[in-house]
Amino acid sequence: VRLVESGGGLVQPGGSLRLSCAASGFTFSDYVMSWFRQAPGKERELVAAMVPAGGSTNYASSVKGRFTISRDNAKNTVYLQMNSLKLDDTAVYYCRAARAVAYWGQGTQVTVSS
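Overview of the structure. Given the structure is predicted, the values throughout are model-derived calculations rather than measurements.

### Considerations on the overall build of the protein chain
Phase 1: Regarding its fold elements, the protein chain presents zero helices and 11 strands.
Phase 2: Traced from its N-terminal end to its C-terminal end, the protein chain shows the element sequence β-β-β-β-β-β-β-β-β-β-β.
Phase 3: Computed over its C-alpha atoms, the radius of gyration of the protein chain comes to 13 Å, within 12% of the 13 Å expected for a compact globule of 114 residues.
Phase 4: Dimensions of the protein chain, computed from C-alpha atoms along their principal axes, come out at roughly 40 × 25 × 25 Å.
Phase 5: Taking all 114 residues of the protein chain together, 41% fall into the buried category.
Phase 6: For the protein chain, contacts bridging at least 24 residues in sequence account for 52% of all contacts bridging at least 6.
Phase 7: Split by element, the accessible area of the protein chain, about 5,800 Å² in all, is 47% carbon and sulfur.
Phase 8: Side chains of the protein chain give 12 positive and 7 negative charges; the mean places of these two sets differ by 3 Å.

Next up, the structure:
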């Protein structure tokens, strides 16, 4: 099983980034896909989640209206479009696949700084 995140980087406040998570080794379309983040000195927190068939989503209140999660089951990939980024969005972002068990990616760093 592999989850490989990409798309992180350095961006100015108000900017945008699109994260991708490419999955392999399991039946992607059967799993709830989520993005979590962990800032230095803080606990890992849920950012956004999407059910296996797509459509139904859940967002942290801090990102609602700015971030959008989507998935392409044909490409075994989940995305996180992040707009209007703020300094507080700085964190390592992790992709997670969950059903009876959970799989995690290695994370990608997002730094929002002027």
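### Observations concerning the pattern of salt bridges
Pairing of side chains with opposite charge becomes possible as their charged atoms draw close.
Phase 1: Scanning the entire structure with this criterion turns up four salt bridges.
Phase 2: Glu-45 serves as the salt-bridge partner of Arg-37, at 2.7 Å between the closest nitrogen and oxygen.
Phase 3: Judged by its relative accessible area of 5%, Arg-37 falls in the buried class.
Phase 4: Owing to a relative accessible area of 34%, Glu-45 belongs among the partly exposed residues under this scheme.
Phase 5: Bridged by salt links that share partners, the residues Arg-37, Glu-45, Arg-66 and Asp-89 form one connected network.

### Topic: the nonpolar core
Generally speaking, nonpolar side chains in soluble globular proteins are found buried as a group.
Phase 1: By size, the foremost hydrophobic cluster in this structure holds 30 residues, and its most contacted members are Trp-35, Leu-80, Met-82 and Tyr-93.
Phase 2: Of all the secondary structure elements, the ones that give two or more residues to this core are β3 (17-24), β4 (32-38), β5 (45-50), β7 (67-72), β8 (77-82), β9 (91-98) and β11 (108-112).
Phase 3: Ignoring anything within four residues of it in the chain, the contact list for Tyr-93 reads Glu-5, Leu-19, Trp-35, Phe-36, Arg-37, Val-47, Phe-67, Leu-80, Met-82, Gly-107, Thr-108 and Val-110.

### Points about the environment of Arg-99
Phase 1: Summarising the element assignment, Arg-99 is placed in the loop between β9 and β10 (102-104).
Phase 2: C-alpha of Arg-99 to C-alpha of Thr-77: the two residues are 22 residues apart in sequence and 16 Å apart in space.
Phase 3: When neighbours within four sequence positions are excluded, Arg-99 is seen to be in contact with Asp-30 and Tyr-31.

Parameters and conventions
Residues numbered from 1 in each chain as written. Predicted model: local features only at pLDDT ≥ 70, side-chain atom pairs only at ≥ 80, totals over all residues. Heavy atoms only, no water. Helix = DSSP H or I, 4+ residues; strand = E, 2+ residues; numbered from the N terminus. Rg over C-alpha atoms; globule rule 2.2 N^0.38 Å. Buried < 20%, exposed > 50% of the residue type's maximum accessible area, 1.4 Å probe, protein only. Contact = heavy atoms within 4.5 Å. Areas by Shrake-Rupley, 256 points an atom, 1.4 Å probe, with all protein chains shown as cover. Lys, Arg positive; Asp, Glu negative; His and termini not counted. Charge placed at Lys NZ, Arg CZ, Asp CG, Glu CD. Salt bridge = Lys/Arg side-chain N within 4 Å of Asp/Glu carboxyl O. Core = buried A, V, L, I, M, F, W, Y, C linked by side-chain atoms within 4.5 Å.

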